[in-house]
Amino acid sequence: MDSHSPTSAAPPAAAETARYTYSPRLRWQPEVEEYFNTAYGRDHFARISEALAHPSCYSCIRVNTLKSSTDAVMHKLLDLVCKNELSAVINGLEVVELNGGDQSQEGCSLVHKCPYAGLENVLFVQGSGPHVLHYGSQPDQAVKEVVVSRKCAESVLRGAQVYVPGVLACSSHVEKGDKVAVSVAIEQPVKEDGWAVGITRGTVLQGLQSDAHYEERKGLYIGQGTAAMSRSAIFRVPHGIAVEMTERVYKLPSFNDVLEGEIFLQNLPSVVTARVLDPQSGERILDMCAAPGGKTTAIAILMRDEGEVVALDRSHNKVMDILKLASEMDLSCIKAYKLDALKSVRKTDEARSLGMADNHSEAIETPTEDPCHATVGGRSTSVDEDSSTTTVVFSDNKNLNSKRYISKAELRKNLRQMKNGPGRNNCSGGRVEKSKGFCPNSFDRVLLDAPCSALGLRPRLFAGEETLESLKKHSKYQRKMFDQAVKLVRPGGVIVYSTCTINPGENEALVRYALDTYKFLSLVSQYPKVGGPGIVGSCELFNKTYTEEWLREDEADLVQRFDPSSSVDTIGFFIAKFDVGEKDE
Ligand SMILES: C[S@@+](CC[C@H](N)C(=O)[O-])C[C@H]1O[C@@H](n2cnc3c(N)ncnc32)[C@H](O)[C@@H]1O
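Residues numbered from 1 in each chain as written. Predicted model: local features only at pLDDT ≥ 70, side-chain atom pairs only at ≥ 80, totals over all residues. Heavy atoms only, no water.

Draft legend 1. Fine view of the site of the ligand. As a structural note, the neighbourhood of the ligand is formed by 19 residues, with Lys 295, Asp 313, Asp 340, Ala 341 and Asp 449 the closest of them. Residue Cys 289 places a main-chain N or O atom 3.0 Å away from a nitrogen atom belonging to the ligand. Here Pro 292 contributes a backbone N or O atom positioned 3.4 Å from an oxygen atom of the ligand. Expressed as a share of its isolated accessible area of 600 Å², the protein-covered part of the ligand is 88%. Where the shell around the ligand is concerned, the elements lending two or more residues are helix H10 (294-302) and helix H14 (468-488). Taken together, the residues that form the shell around the ligand break down as eleven nonpolar, two polar and six charged. (Near = heavy atom within 4 Å. Polar contact = N/O pair within 3.5 Å; in protein donor to acceptor, adjacent residues only side chain to side chain. Areas by Shrake-Rupley, 256 points an atom, 1.4 Å probe, with all protein chains shown as cover. Helix = DSSP H or I, 4+ residues; strand = E, 2+ residues; numbered from the N terminus. Nonpolar A, V, L, I, M, F, W, Y, C, P; charged D, E, K, R; others polar.)

Rendered as structure tokens:
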């Protein structure tokens with residue numbers, strides 16, 4: 001690393017070595033840290049906490065086996081790597097020639113098949129890091145700097161550029177084309193109990209020790225880039241790239257516009273979850289919290305697009321995302337609805353009055369009054385040309401109800417128009433179908449990929465926002481959702497529950513609740529098995545007024561817990577699978 005000028009203002013060279021590094025320490029609420037120390041043991045939790053602050057060192061690609069094969073995609077990726085074209089499209093990936101070696105061989109070591117049985121549709125693309133970067137400071141000259149928000153930094157660590165809204169502070173004379181060191185401002189404890197970032201947007205940095213929050217950014221440098229606009233523009237324009245990253249602490253491939261529809265970038269545990277559900281062609285599956293549709297599409301592909309995957313999300317725009325993804329992947333068995341999963345069971349008397357038996361396999365849908373288009377997988381709801389009513393239009397040839405064929409290009413165009421804001425009818429991006437819920441016992445399998453504290457997601461640079469109280473709220477919410485899942489699945493069916501958190505209160509404690517509450521549920525083994533065992537025991541909380549029960553010894557190996565500090569190097573994740581016996585209602 002180049003040395004800094006030892007002037008009174010600039011930091012000395014030795015101090016700089018420690019300064020321009022990436023060595024973050026994840027901060028937790030003390031009570032939460034104590035709770036996790038109890039669950040994992042102090043050393044183990046310290047390793048987990050350390051791992052969470054760094055990204056995984058590889059990208060996981062799920063192949064759409066209905067459109068291509070794992071081998072074909074692997075060859076295409078290798079081809080791109082070997083022609084060195086991937087570094088253009090796969091952001092940040094470099095083909096390094098070792099010992100003057102053959103580039104194609106180096107490329108081969110970057111893309112490889114997933115080594116775990118049962119995941120033959122998965123490829124890994126190797127990234128690298130953490131790299132020690134040289135920020136190239138000159139004597140008597142402070143390094144020009146940009147400080148970004150935590151969310152922005154987490155994206156940059158995953159391969160993104162620095163966008164204008166993410167910039168908090170910038171050196172005074174930054175012009176377009178200047179080299180800038182990029183660091184991140186992270187929440188710090190403040191006196192009256194709480195956390196604050198301190199740096200306000202627009203702060204001028206001098207690169208001196210006298211700068212506001214200078215010390216706090218030590219060890220929080222995530223890379224170097226070229227300013228894509230001047231300092232004044234960065235704080236004047238509403239959007240656009242502010243800094244093009246040229247050197248990164250982590251180099252991870254991102255696959256924008258590469259093999260669209262043929263591949264999907266997905267965390268390994270998420271791919272495993274869909275496989276564990278084991279959906280069969282012709283079945284009716286419910287994905288209760290489905291957006292953006294990663295697992296939904298994985299499920300549809302495993303079913304060979306035969307049967308029905310009902311995908312719910314309470315967010316309108318997120319349902320749109322599911323539809324877009326299903327359309328891109330050419331999947332027509334996915335039906336997506338906007339619905340609060342807590343209200344996903346339709347009352348039995350209402351179902352009867354609509355002429356449906358309890359185990360009727362049709363969804364009970366509200367008519368869509370909206371004059372805009374929306375797509376459901378290959379199916380599309382559309383305006384009849386001569387009326388304002390909505391009809392379901394199928395773009396595949398599997399259903400005889402087809403009214404009008406809509407090409408995929410047209411569907412994509414419609415979706416783009418929706419994304420681009422209000423159109424003629426002041427429609428804020430199109431509407432999606434709403435559902436009033438579904439009949440009890442009407443699904444063969446239910447996936448509850450529950451909204452959670454997300455304390456397994458990586459990289460994460462701050463975790464102080466969660467308190468024991470807020471963690472408890474997540475678990476209450478999840479139990480209510482689980483109750484709905486239990487009602488909707490048929491006897492003889494399957495429920496898979498998953499979260500992307502390391503919190504046992506949302507994982508093992510949910511399993512305990514499920515088994516203690518519903519005697520007809522049994523925890524069953526999973527395939528494929530990549531994660532480790534669950535946590536056994538219990539923990540006293542809230543001044544010993546409440547005991548949180550986790551798993552029993554014989555249950556630990558039946559769940560999968562993905563540990564971010566393990567060699568599998570994934571996000572923190574949890575999966576439990578239940579077989580549903582005869583219900584005693
Ligand atoms: C963990 S994400 C799901 C990820 C998704 N399964 C996938 O693999 O792509 C949780 C989702 O639950 C949705 N959600 C939260 N509360 C909900 C509710 N009450 N009803 C339906 N969806 C909800 C959120 O909008 C979010 O998209």
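Draft legend 2. Seen up close, the confidence of the model for the protein. Scored by pLDDT, the protein comes out at a mean of 83, with 77% of its residues at no less than 70. Counting contacts from residues 95-104, a segment whose pLDDT is below 50, to residues more than four positions away or on other chains yields 13 contacts. Per-residue pLDDT stays below 50 along residues 356-428; that stretch engages in 143 contacts with residues further than four places along the chain or on separate chains. (pLDDT = per-residue confidence, 0-100. Contact = heavy atoms within 4.5 Å.)

Draft legend 3. Examining the UniProt feature "active site" (unreviewed entry) in the protein more closely. As annotated by UniProt and renumbered to match this structure, "active site" (unreviewed entry) occupies Cys 500. Within the secondary structure, Cys 500 sits in the loop between strand S21 (489-499) and helix H15 (508-517). Overall, Cys 500 belongs to the buried group, its relative accessible area being 17%. Each residue touching Cys 500, except ones within four places of it in the same chain, is listed here: Cys 452, Ala 454, Leu 455, Gly 456, Leu 457, Ile 571, Gly 572 and Phe 573. (UniProt positions renumbered as here; feature names shortened; annotations may be inferred. Buried < 20%, exposed > 50% of the residue type's maximum accessible area, 1.4 Å probe, protein only.)

Draft legend 4. Spatial organisation of empty space enclosed by the protein. Tallied over the full model, the rule gives two cavities of 30 Å³ or more. Estimated volume of the largest cavity: approximately 40 Å³. Taken together, Arg 62, Leu 119, Asn 121, Val 271, Ala 274, Arg 275, Ala 298 and Leu 302 form the lining of the largest cavity. For the lining of the largest cavity, the secondary-structure elements that each account for two or more residues are helix H9 (268-277) and H10. Top element by residues in the lining of the largest cavity is H9. It accounts for three residues. When the residues that make up the lining of the largest cavity are grouped by side-chain class, the tally is five nonpolar, one polar and two charged. (1 Å grid on protein atoms, 1.4 Å probe; cavity = no way out; pocket = protein on both sides within 12 Å on 5 of 7 lines; lining within 4 Å. Points joined across faces, edges and corners; volume = space filled by probe spheres on them.)

Draft legend 5. Geometry of the nonpolar core. Within the largest apolar cluster, 47 residues are counted, with the highest numbers of intra-cluster contacts made by Leu 119, Val 122, Leu 268, Val 272, Ile 299 and Ile 334. Filtering out sequence-adjacent residues up to four positions away, Val 272 remains in contact with Leu 119, Pro 528, Val 530, Gln 560, Phe 562 and Ile 575. (Core = buried A, V, L, I, M, F, W, Y, C linked by side-chain atoms within 4.5 Å.)

Draft legend 6. Region of the structure containing the pattern of salt bridges. Taken as a whole, this structure holds 20 salt bridges when the rule is applied. For Arg 460, the salt bridge goes to Glu 465, with nearest N and O atoms at 3.9 Å. Judged by relative accessible area, Arg 460 falls into the buried class, the value being 11%. With relative accessibility at 41%, the residue Glu 465 sits in the partly exposed group. Within this structure, Arg 150, Lys 151, Glu 154, Glu 187, Arg 460 and Glu 465 form a network of salt bridges that share partners. (Salt bridge = Lys/Arg side-chain N within 4 Å of Asp/Glu carboxyl O.)

Draft legend 7. Up close: the UniProt feature "binding site: S-adenosyl-L-methionine" (unreviewed entry) in the protein. What UniProt calls "binding site: S-adenosyl-L-methionine" (unreviewed entry) maps, in this numbering, to Cys 289, Ala 290, Ala 291, Pro 292, Gly 293, Gly 294, Lys 295, Asp 313, Asp 340 and Asp 449. Assignment of secondary structure puts Asp 340 in the loop between strand S16 (334-338) and helix H12 (348-353). Residue Asp 340 is classed as partly exposed on the basis of its relative accessible area, which comes to 25%. A polar atom in the side chain of Asp 340 sits 2.9 Å from the backbone nitrogen of Leu 342. Secondary-structure assignment places Asp 449 in strand S20 (residues 443-449). Non-local contacts of Asp 449, meaning those with residues more than four positions away in its chain, are made with Cys 289, Lys 295, Ser 498, Thr 499 and Phe 573. A distance of 2.7 Å separates a polar atom in the side chain of Asp 449 from a polar atom in the side chain of Lys 295.

Draft legend 8. Here's a closer look at H10. Counting buried positions over the nine residues of H10 gives eight, a clear majority of the element. Every buried residue of H10 is accounted for by Gly 294, Lys 295, Thr 296, Thr 297, Ala 298, Ile 299, Ala 300 and Ile 301. Following H10 by one or two positions, Arg 304 has its phi on the positive side, about 55°.

Draft legend 9. Up close: the domain arrangement of the protein. Along its sequence, the protein is carved into domain 1 (145-248) and domain 2 (268-347 + 432-580). Computed from C-alpha coordinates alone, the two centres of domain 1 and domain 2 are separated by 36 Å. Listed by partner, the interface residues are nine residues for domain 1 and seven residues for domain 2. Interface area, domain 1 with domain 2, both sides summed: about 700 Å², of which 71% is carbon and sulfur. On the domain 1 side of the interface with domain 2, the three residues burying the most area are Arg 150, Glu 154 and Trp 195, jointly 52% of the side's total. Here domain 1 and domain 2 share one salt bridge between them. For Arg 150, the salt bridge is made with Glu 465, and the minimal N-O distance between the two is 4.0 Å. Our enumeration of links across domain 1 and domain 2 arrives at two residue pairs in polar contact (both at pLDDT 80 or more). (Domains from an automatic or database assignment. Buried area = accessible area lost by both parts, 1.4 Å probe.)

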